[in-house]
Amino acid sequence: MLKRDPYNSRERWQIWKAENSNSIKGISKENSDLILAFLFDMELGKNVSPLARKGERSPCRLLDLKSRLIFFVQQFKGKLLRTITRDETHQLFFNMRQGLILKNDGQKYIGISNYVRDFKVFWRWLHRTGKVAEDITTDLRKSDGRKPAWVYLTEDEFKTLANQATSDYRTLMWLMYDTGMRVTEAYSIRICDFSNDFTQLNIRKEYAKTFGRIIKLKLCSSFIREFVKFHKLQPEDFIFIKEPPAFNKYLRTLAGKIFGLKETLARKSYTQMRLYDIRHNASCYWLKRYPTTTGLMYRMGWSEEKEVRYYSEFLGQADSIDDENMVTTEEKSQYEKRIEILERDRQKTNELVKELMKMISGRQIELQDNQKKEKKEIFV
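Procedures and definitions
- Residues numbered from 1 in each chain as written.
- Predicted model: local features only at pLDDT ≥ 70, side-chain atom pairs only at ≥ 80, totals over all residues.
- Heavy atoms only, no water.
- Helix = DSSP H or I, 4+ residues; strand = E, 2+ residues; numbered from the N terminus.
- Contact = heavy atoms within 4.5 Å.
- Axes fitted to C-alpha atoms, helices over the stretch in contact; angles between N-to-C directions.
- Parallel < 35°, antiparallel > 145°, perpendicular 65-115°, else oblique.
- Nonpolar A, V, L, I, M, F, W, Y, C, P; charged D, E, K, R; others polar.
- Patch = residues over 30% accessible without salt bridge, like charges linked within 9 Å, V, L, I, M, F, W, Y side chains within 5 Å.
- Areas by Shrake-Rupley, 256 points an atom, 1.4 Å probe, with all protein chains shown as cover.
- Salt bridge = Lys/Arg side-chain N within 4 Å of Asp/Glu carboxyl O.
- Buried < 20%, exposed > 50% of the residue type's maximum accessible area, 1.4 Å probe, protein only.
- Phe/Tyr/Trp six-rings, centres within 6.5 Å; stacked < 30°, edge-to-face > 60°.
- Lys NZ or Arg CZ within 6 Å of the ring centre and 35° of its normal.
- Left-handed = near helix turned anticlockwise from the far one by under 90°.

Caption draft 1: Structural view of the environment of Val73. Along the chain, Val73 turns up in helix H3 (residues 59-75). Residues Val73 and Ser28, spaced 45 residues apart in sequence, show a C-alpha to C-alpha distance of 9.2 Å. For Val73, the residues in contact, after removing those within four places along its chain, are Ile27, Asn31, Ile35, Gly78 and Leu81.

Encoded structure:
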């Protein structure tokens, strides 16, 4: 099954590529040639840094890279990108962090680490293809120490939000909260991916970002069952009908109406609510309920533990393990030896019990025989 493209990234990339295949509008021919060569290599998975993931880059990723590189050209005043100096690069990201460079709407840039990451990707491509001799990105810090901003809801707040939504939106909100799926994964789910009377969901590897997984549904089964019945959906129909922009607009309006304009603990206001924020909140919900990291990572589709650490820190649960839960390798070895000893003792005890049972059984037979003899003697 093909992965659905809810943001139309594939089509938008193809349109942009067709319109700018010879030269990117608004920038110099030299910079245009560099950016296009870079993007086309990324599209094919060529000349990727040894430190990076191998393989072709998705249309969504290519669109992000394109926008960032055009941004860099603008910030460096049209200067040829491969001639940028180390000092100029550091100054740019310093100015962005200090709020000296603002967005078109007058707001500060957030997620500056993403800009740093993409500049590093581009520069390492320049270095790898022999277009520059020096790697000027070695001292750039990828992270500015700030965690991503999102809309945090307590469990009660999410229940209030979902229960005040219209029935169609309510069902899909509970599905997202129950599964913790990514938006692109959710929009590829078909009715045939549900099983066991809608108590189990198969997020197939064909459209999972990291790996496919089969998860049990604990919160939304009854909603999904009624939703499918009401809309008369067939096995090959998608469960998500509303487009992401419309869904996000509905969430922003509803959350603002219920909770107002105030900022949440994750530094975004309720009126900035979007579908992906439900995944953030699902992460918090399930973190409190899974006894092991492995189970949580499987459900959320995480391939690294850094996400677990992030949400643990956010909820104030970091380093909460105590001595009762902590088992070292040495202690585990000792426990295993004790179990072996107990198992041997148990087997010996069972054997002794069997012997005693045989003795008791034999004694009972002997007593019965004696009683019979005594009766015969009395009779005679």
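Anyway, onward from the coordinates.
Caption draft 2: Fine view of the packing of helix H11 (residues 275-287) against helix H13 (residues 306-314). The N-to-C vectors of H11 and H13 enclose an angle of 80°; their axes lie 10 Å apart at closest approach. Taken together, H11 and H13 sit at an angle that is classed as roughly perpendicular. Between H11 and H13, the contacting residues are His280, Ser283, Cys284 and Leu287 on the first element and Val308, Tyr311, Ser312 and Phe314 on the second. When the residues that make up the contact of H11 with H13 are grouped by side-chain class, the tally is 5 nonpolar, 3 polar and no charged.

Caption draft 3: Structural detail: a nonpolar patch on the surface. The grouping of Val353, Leu356, Met357, Met359 and Ile360 at the surface amounts to a nonpolar patch, some 500 Å² of accessible area in total. Assignment of secondary structure puts Met357 in helix H14 (residues 329-379). Given a relative accessible area of 52%, Met357 falls into the exposed group.

Caption draft 4: Here's a closer look at the pattern of salt bridges. Within this structure, the stated rule accounts for 20 salt bridges. Glu155 is paired through a salt bridge with Lys288; the nearest N and O atoms lie 3.5 Å apart. Here Glu155, found in helix H6 (residues 155-163), pairs with Lys288, found in the loop between H11 and helix H12 (293-300); they are 133 residues apart in sequence, far enough to count as distant. For Glu155, a relative accessible area of 21% puts it in the partly exposed group. Connected through salt bridges with shared partners, the residues Arg61, Arg68, Arg117 and Asp118 form a single ionic network.

Caption draft 5: Representation of the packing of aromatic side chains. All told, the structure shown has 33 aromatic pairs when counted by the stated rule. With a centroid separation of 5.2 Å and 90° between ring planes, the pair formed by Phe158 and Trp174 is classed as edge-to-face. In this pair, Phe158 sits in helix H6 while Trp174 sits in helix H7 (residues 167-179), placing the two residues 16 residues apart along the sequence. Both residues of the pair, Phe158 and Trp174, belong to the buried class. Judged by centre distance (5.0 Å) and plane angle (90°), the rings of Tyr285 and Trp286 are edge-to-face. The residues Tyr285 and Trp286 share a single accessibility class, namely buried. Chaining the aromatic ring pairs together yields one cluster made of Phe71, Phe72, Phe93, Tyr109, Tyr115, Phe119 and Trp123. Looking at Arg68, its charged tip hangs above the ring of Tyr115, at a distance of 4.4 Å from the centre. Sitting above the plane of the Trp286 ring, Arg299 keeps its charged end 4.0 Å from the centroid.

Caption draft 6: Representation of the packing of H6 against helix H10 (residues 244-259) in the model. Their axes nearest at 10 Å, the elements H6 and H10 cross at an angle of 115°. Like other packed secondary-structure pairs, H6 and H10 cross with a definite hand, here right-handed. Every residue of H10 that contacts H6 at Glu157, Thr160 and Leu161 is listed here: Leu254, Ala255, Ile258 and Phe259. Residue composition of the contact of H6 with H10, grouped by class: 5 nonpolar, 1 polar and 1 charged.

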